[in-house]
Amino acid sequence: MFIYYMNTVILNILNFLGVSVNEINSPIVNLCVANFIFSIVSLLCVLNIIIYLVILYVNDRVEIMSLISKYRFIVKLFDLYKKTGIIYLVFEFIFLLVAIGYTISLNYSVLSVS
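The structure displayed is predicted, hence computed values, not measured ones.

Here we take up the side chain of Asn 35. Here Asn 35 shows up in helix α2 (residues 27–59). What Asn 35 contacts, discounting residues up to four positions off in sequence, is Thr 103, Leu 106 and Asn 107.

And the structure:
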């Protein structure tokens, strides 16, 4: 259901941009959806890694931690990331590389055909 919805959204965007695509299961639409999904996955991986590193940096600063201790949600978020091990960060980085590699190989295969 989600893929069908994304296909219709991408199809409408392509038609708006002037690219004439009539079918919802056209290869160009499927390529756009695949690129969109892997781009979102890559973005989430990068954000997660950056948040982890920022929390590790801020955790050592006493003056910042005293300011943050007023907000329960942020304290819970800090505790969650502090309990996370470095091996999780390595898996996140590997997942990021796989997502980026798959996106590049998908685009290369499309460009080499045309």
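Moving on: the packing of α2 against helix α4 (residues 72–83). At a closest axis distance of 10 Å, the pairing of α2 and α4 adopts a crossing angle of 100°. One finds that α2 runs roughly perpendicular with respect to α4. Of α4, the residues touching α2 (which contributes Asn 48, Ile 51, Tyr 52, Ile 55, Val 58 and Asn 59) are Leu 77, Phe 78, Tyr 81 and Lys 82. The residue makeup of the contact of α2 with α4, split by class, is 7 nonpolar, 2 polar and 1 charged.

The end-to-end C-alpha separation of α2 is 48 Å, in line with the 48 Å expected for 33 residues at 1.5 Å each. Within α2 the residues assigned to the buried category are Val 29, Leu 31, Val 33, Ala 34, Asn 35, Ser 42, Cys 45, Asn 48, Ile 49, Tyr 52, Ile 55 and Val 58.

Next up on the list: a nonpolar patch on the surface. Judged by side-chain polarity, Ile 86, Ile 87, Tyr 88, Val 90, Phe 91, Ile 94 and Val 98 come together as a nonpolar surface patch covering roughly 690 Å² of accessible area. Considering the arrangement of structural elements, one finds Phe 91 in helix α5 (residues 86–113). The exposure class of Phe 91 is exposed, given its relative accessible area of 55%.

This next bit is on the environment of Gly 18. Of note, Gly 18 is situated in the loop between α1 (2–17) and α2. Judged by its relative accessible area of 60%, Gly 18 falls in the exposed class. The sequence separation of Gly 18 and Glu 63 amounts to 45 residues, and the corresponding C-alpha distance is 54 Å.

As for its placement among the helices and strands, Ser 42 is situated in helix α2. For Ser 42, a relative accessible area of 11% puts it in the buried group. Among residues more than four places away in sequence, those in contact with Ser 42 are Leu 96, Ala 99 and Ile 100.

Now for the nonpolar core. Cys 45, Ile 49, Tyr 52, Ile 55, Val 58, Ile 68, Phe 78, Tyr 81, Leu 89 and Leu 96 form the largest nonpolar core, which has 10 residues in total. Of all the secondary-structure elements, those providing two or more residues to this core are α2, α4 and α5. For this core, the element with the most residues is α2, which contributes 5 residues. What Phe 78 contacts, discounting residues up to four positions off in sequence, is Ile 55, Val 58, Met 65 and Ile 68.

Cut-offs and rules
- Residues numbered from 1 in each chain as written.
- Predicted model: local features only at pLDDT ≥ 70, side-chain atom pairs only at ≥ 80, totals over all residues.
- Heavy atoms only, no water.
- Helix = DSSP H or I, 4+ residues; strand = E, 2+ residues; numbered from the N terminus.
- Contact = heavy atoms within 4.5 Å.
- Axes fitted to C-alpha atoms, helices over the stretch in contact; angles between N-to-C directions.
- Parallel < 35°, antiparallel > 145°, perpendicular 65-115°, else oblique.
- Nonpolar A, V, L, I, M, F, W, Y, C, P; charged D, E, K, R; others polar.
- Expected span 1.5 Å × (residues − 1).
- Buried < 20%, exposed > 50% of the residue type's maximum accessible area, 1.4 Å probe, protein only.
- Patch = residues over 30% accessible without salt bridge, like charges linked within 9 Å, V, L, I, M, F, W, Y side chains within 5 Å.
- Areas by Shrake-Rupley, 256 points an atom, 1.4 Å probe, with all protein chains shown as cover.
- Salt bridge = Lys/Arg side-chain N within 4 Å of Asp/Glu carboxyl O.
- Core = buried A, V, L, I, M, F, W, Y, C linked by side-chain atoms within 4.5 Å.

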